[in-house]
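# A closer look at the structure
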Amino acid sequence: QALCSRHQLERMATQTECLVPANPQWQPFTAGQKPDFQKWRLEVFEKAKAKRAAEQAALPEDPIKVTLPDGNVKEGVRGKTSPYDIAMGISKGLAENAVVATVDGKPWDLKRPLEGDCQLELCKFDHPVGRETFWHSSAHVLGLTLENKYGAHLCVGPAIEDGFYYDVYCGGTTISPTDNDNIKAGFDEVVKGKYPFERVEMTKDEALEMFKYNDFKMDVLKRKVPDGSVCTAYRCGDLIDLCRGPHVPDTSKVKAFAVMKNSSAYWQGQASNHTLQRVYGVTFPDNKELKQHLFRIEEAKKRDHRTVGPQQELFFFHELSPGSCFWLPHGTRIYNKLVDFIKREYFKRNYQEVITPNVYNLKLWEISGHAAHYKENMFIFNVEGQEFGMKPMNCPGHCLMFNLRQRSFRELPWRVADFGVLHRNELSGALSGLTRVRRFQQDDAHIFCKPDDVQKEIEDMLQFIDFVYGKFGLKYEMFLSTRPQKYIGEISVWDEAEAQLKAALDSNGKEWKLNPEDGAFYGPKIDINVLDALGRKHQCATIQLDFQLPIRFGLKYVTSAGADEKDDSGEAKEKEERPIIIHRAILGSVERFSAILIEHLAGKWPFWISPRQVAIVPVSQDHVPYALEVKEVLMKDGYYVDVDQSSKTLNKKIRENQLAQYNYILVVGKDETDNKTVNVRTRDNQVHGSKSIPQILEEFHNNMVNFL
């Protein structure tokens, strides 16, 4: 669970009144015919296009220099040369495989003319910008399909993490799964048309005229486009839509499509607004990739923690406490093992564990700044006429601890860790199993340090992260997010901090990528995405530098000069400076990380963390006493052991315990009872033969030691 989730940021944004009338415009539509508004829309578009073309023609055609990522420089002409032209000059294959470009780091249409000297990168589908553009363009193709099939009024159609969707208003028509084949056929027709994506800048008045038939587009234009400014629209075939772009060159790029699901949605995501129809889709450059994607989705359904968790009796949720997990005994075993694992590493790495209150007076959050921007995400209540709140994060409490007394440079870096329970008032519609909850714990730590400590601390954190993820076989990718346009503090401090982060990442020896202008307003950060067994990305770890909280809480420490230098009277000079705070989490929330592990491991827990380590299966009831004797011995050494005393056949008991994901199945019969041994099987149906109790204990011990 990130320090501040996307859902929370969306809710923190200012809500504006919906301008769509109670009964939106709707034109009668006859299936098989094109909607009347398409012709009108095209006329307005062509007029605006002609005006912009005339304006462009009047501009001088100056020579420009285009620098590629490898440092090569290509010549071009302002207003004429496009990224596609540059790509064709290198190779036709590159031009045909490229999806979009970035110009000075900003997404750019392949066939949009360049406007000056620039840095150019060509992006294929496997590039994050390429994939997002591909799916955004696919949403436009879906939008045209829904217009042609239902006369739909388009509302919003973004790319999302695993594809795209389009929200449309269809009068009283409901789109259901029975329509999916029809939608796919219409989508494929648009793809075959090879319609180019055309970009045109429009004045607000031109756009209002173009979309006067669509109350939802009018709402967007009136609220989000300032008077006198321009916006952009894109055309592909008969579709014209408001859009910042960029897009693929033409619809033929989108070769493989599948409808994923249908649902209803609310305009602007607010239940008080109009109900819309939403269609989800996904596309790929070829059918092979689409089939692989659909296979991964089916596999993900089998691994879904919301299914596996209840099946293995790990946890459940209840309507009487939404967003708060009930951890059952077996789930609690996993939870505690994760926490204990991190705590052992804290001890080795010189972190100091603390315990802080769950409830604070709102004044604390006013000091930290959260009351102004985060209050809606907090559980607030009245106590004796004053506002109090459940803590959504630990950092303000740790600042109070630091400020308890005067601190010396000799105490820094001070690494303070806290597994305190956190509460965040997530929207009910955003709650999703363990991945988004209201009550959680995280391996939260804050490092109070001197500016020259930062690089070494970051290097140590990156090693810590690599150690933890390596234990679970999790691959990951790292991003350095730098100073945003809106920031606090001095540029020199930012530059020095970013330089130290870069140096730490470089010394780590692993690949990392730059995420320009995406840092928090209070400091740069390193974001880390974990990749599970299905290649899905999850954000868990985060490292954030914070220059703001030390200012807000007045945090200071006595410098080496203040501690060692004397004034004329022989007293120590008091020279103080502000520390930097590094926010750090590796698992993130234990709840979310547990969900990731369930799905990554498909519920097949490694022995060290398994909630069901050993099942003892007696051949008959006569052998139950010896089975219980073995259980007692193993449990004294700290292992989770169950005895299957059911009356089922031996083979059935063995199979059921393998499916229940017991790591070891120990069969005991007459020979084992007489010889004080066990017959060892593992859940992968491998038979390991007879072993004495000391031998099996040694094997268990080695399994634990080799992990830890």
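Residues numbered from 1 in each chain as written. Predicted model: local features only at pLDDT ≥ 70, side-chain atom pairs only at ≥ 80, totals over all residues. Heavy atoms only, no water.

### Comments concerning the overall build of the protein
Secondary structure summary: the protein contains 23 helices and 36 strands in total. Its C-alpha atoms put the protein at 95 × 90 × 60 Å along the principal axes. Counting all 708 residues of the protein, 51% fall into the buried class. A separation of at least 24 residues holds for 70% of the contacts in the protein among residues at least 6 apart in sequence. For the protein, the exposed area adds up to about 33700 Å²; of that, 50% sits on carbon and sulfur atoms. Looking at charge distribution, the protein has the averaged site of its 93 positive side-chain charges lying 3 Å from that of its 98 negative ones. (Helix = DSSP H or I, 4+ residues; strand = E, 2+ residues; numbered from the N terminus. Buried < 20%, exposed > 50% of the residue type's maximum accessible area, 1.4 Å probe, protein only. Contact = heavy atoms within 4.5 Å. Areas by Shrake-Rupley, 256 points an atom, 1.4 Å probe, with all protein chains shown as cover. Lys, Arg positive; Asp, Glu negative; His and termini not counted. Charge placed at Lys NZ, Arg CZ, Asp CG, Glu CD.)

### Some details on the sheet that holds strand β35 (residues 677-682)
Paired through their backbone hydrogen bonds, the strands of a sheet run either parallel or antiparallel. Spatial strand order, β33-β32-β34-β35-β36: 5 strands in an open sheet with mixed pairing. The open sheet has two edge strands, β33 (641-643) and β36 (687-692), and neither has a second partner. Taken over all neighbouring pairs, the strand axes of this sheet differ in orientation by 25° on average, direction set aside. Helix α20 (residues 624-636) contacts β32 (614-618), β33, β34 (664-668) and β35 of the sheet and is inclined by roughly 165° relative to β32. (Pairing = 2+ DSSP bridges. Axes fitted to C-alpha atoms, helices over the stretch in contact; angles between N-to-C directions.)

### Describing the packing of aromatic side chains
A full pass over the atoms with the stated rule returns 38 aromatic pairs. With a centroid separation of 6.1 Å and 90° between ring planes, the pair formed by Trp135 and Phe284 is classed as edge-to-face. Here Trp135 is found in helix α5 (residues 128-150), whereas its partner Phe284 is found in strand β13 (residues 275-284), with 149 residues between them in sequence. For the residue pair Trp135 and Phe284, the accessibility class agrees, reading buried in each case. Ring plane angle 45° and centroid distance 5.9 Å describe the contact between Phe472 and Trp608, whose orientation is recorded as tilted. A residue pair is termed long-range when its members are at least 10 positions apart, and Phe472 in the loop between α15 (454-471) and β25 (475-481) and Trp608 in the loop between α19 (590-601) and β32 qualify at 136 residues. The exposure class of Trp608 is buried, given its relative accessible area of 4%. Put simply, the rings of Phe341, Phe467, Tyr469, Phe472, Tyr476, Phe593 and Trp608 touch in pairs and so form one group of aromatic residues. The positively charged end of Arg349 is found above the aromatic ring belonging to Phe464, 4.3 Å away from the centroid. (Phe/Tyr/Trp six-rings, centres within 6.5 Å; stacked < 30°, edge-to-face > 60°. Lys NZ or Arg CZ within 6 Å of the ring centre and 35° of its normal.)

### Thoughts on the environment of Gln27
Residue placement: Gln27 occurs in the loop between α1 (6-12) and α2 (36-57). Once the C-alpha coordinates of Gln27 and Ala152 are considered, the two residues, 125 residues apart in sequence, prove to be 9.4 Å apart. Leaving out residues up to four positions away in the same chain, Gln27 has contacts with Phe37, His153 and Tyr213. At 2.8 Å, the side chain of Gln27 forms a polar contact with the side chain of His153. (Polar contact = N/O pair within 3.5 Å; in protein donor to acceptor, adjacent residues only side chain to side chain.)

### A word on helix α3 (residues 83-90)
What sets the pattern is the α-helix's 3.6 residues per turn: residues three or four places apart point alike. Considered for burial, the residues of α3 that qualify are Pro83, Tyr84, Ile86 and Ala87. Considered in projection along α3, the buried side chains sweep an arc of 160° and stay on one side of the axis. On its buried face, α3 sits against β1 (63-67), β2 (73-77), α4 (92-97), β3 (100-103), β4 (106-108) and β5 (118-123). (Arc of directions from axis to C-beta.)

### Let's talk about the pattern of salt bridges
Counted according to the given criterion, the structure contains 46 salt bridges. As a salt-bridge pair, Glu198 and Lys49 come within 2.5 Å of each other at their nearest N and O atoms. With Glu198 in strand β9 (residues 198-203) and Lys49 in helix α2, this pair connects stretches of sequence that are 149 residues apart. Judged by relative accessible area, Lys49 falls into the partly exposed class, the value being 30%. Lys525 is paired through a salt bridge with Asp527; the nearest N and O atoms lie 3.5 Å apart. With respect to burial, Lys525 and Asp527 carry one shared label: buried. Salt bridges here are not isolated pairs; linked through shared partners, they connect Glu46, Lys49, Glu198 and Arg235. (Salt bridge = Lys/Arg side-chain N within 4 Å of Asp/Glu carboxyl O.)

### Some remarks on helix α6 (residues 180-192)
For α6, with 13 residues, the first-to-last C-alpha span of 18 Å sits near the 18 Å given by 1.5 Å per residue. Among the residues of α6, Asn180, Ile183, Gly186, Phe187, Val190 and Val191 are the ones counted as buried. Down the axis of α6, the buried set is contained in an arc of 145°. They therefore lie on one face. In α6, the exposed residues that point more than 90 degrees away from the buried face are Asp181, Glu189 and Lys192. (Expected span 1.5 Å × (residues − 1).)

### Remarks on a nonpolar patch on the surface
Side chains of Val359, Phe381 and Val383 sit close together on the surface and give an oily, nonpolar patch of about 200 Å² of accessible area. Within the secondary structure layout, Phe381 lies in strand β18 (residues 380-383). (Patch = residues over 30% accessible without salt bridge, like charges linked within 9 Å, V, L, I, M, F, W, Y side chains within 5 Å.)

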